[in-house]
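The chain contents come next:
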Amino acid sequence: MDTMGNKSLSRPSLKQHSTPIKEGDMIPNITFKTRTRIDADVENPFDWKDLTSEDLFKGKRVVLFSLPGAFTPTCSSTHLPGYEATYDEIKSL
C-alpha cells in the first residue's frame, strides 16, 4: 500500500514474480505484450500481439535483462552502451 492506502502496482504481488532468476534457471512462463507491424495503409500500422516466453525462448540459450526507462535518452546514452560493448562476451556465454 502507498501512503494514500492504494495498492502499489509497482511491486510484485506473487512470489514467482519476486524471485530473481539465477544463471541456469528456466525463464518463467509469462506473456509479453508486444507491438507488431501489420500490413495496412494506416497512420499507425501496428497491432498488439501476445507472445509467451516459450514462444520466444524454447530450445534456446538466452540472456534476459531489462532496462529502466527503455527507449529514453538516458537508456540510449547510459544503459545500453554497456550491453553493446560486451555483446561478444555475452554471446559467448
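Quick summary incoming for the structure in this document. All values reported here derive from a predicted model rather than from experimental measurement. (Residues numbered from 1 in each chain as written. Predicted model: local features only at pLDDT ≥ 70, side-chain atom pairs only at ≥ 80, totals over all residues. Heavy atoms only, no water.)

### Focus on the layout of surface pockets
Taken as a whole, the largest pocket encloses approximately 870 Å³ of empty space. Along the walls of the largest pocket sit 25 residues, with Ile27, Arg61, Val62, Val63 and Leu64 positioned nearest its centre. Of the residues belonging to the lining of the largest pocket, the class tally is 13 nonpolar, four polar and eight charged. (1 Å grid on protein atoms, 1.4 Å probe; cavity = no way out; pocket = protein on both sides within 12 Å on 5 of 7 lines; lining within 4 Å. Points joined across faces, edges and corners; volume = space filled by probe spheres on them. Nonpolar A, V, L, I, M, F, W, Y, C, P; charged D, E, K, R; others polar.)

### A look at the pattern of salt bridges
Per the stated rule, a full pass over the model turns up three salt bridges. With a shortest N-O distance of 3.2 Å, Lys33 and Asp50 are connected by a salt bridge. Taken together, the residues span a long stretch of sequence, with Lys33 in strand β1 (residues 31–37) and Asp50 in strand β2 (residues 46–52) at a distance of 17 residues. A residue is classified by how much of its surface remains accessible, and Lys33, at 58% relative accessible area, is exposed. Between Glu54 and Lys58 there is a salt bridge, with its nearest N and O atoms 3.9 Å apart. Look at Glu54 and you get partly exposed, because its relative accessible area is 47%. The exposure class assigned to Lys58 is exposed, which follows from its relative accessible area of 62%. (Salt bridge = Lys/Arg side-chain N within 4 Å of Asp/Glu carboxyl O. Helix = DSSP H or I, 4+ residues; strand = E, 2+ residues; numbered from the N terminus. Buried < 20%, exposed > 50% of the residue type's maximum accessible area, 1.4 Å probe, protein only.)

### Structural notes on the packing of aromatic side chains
For the coordinates displayed, the defined rule picks out one aromatic pair. Judged by centre distance (6.2 Å) and plane angle (85°), the rings of Phe32 and Phe57 are edge-to-face. Here Phe32, found in strand β1, pairs with Phe57, found in helix α2 (residues 53–57); they are 25 residues apart in sequence, far enough to count as distant. Residue class for Phe32 comes out partly exposed when judged on its relative accessible area of 26%. According to the relative accessible area criterion, Phe57 is buried, its value standing at 18%. (Phe/Tyr/Trp six-rings, centres within 6.5 Å; stacked < 30°, edge-to-face > 60°.)

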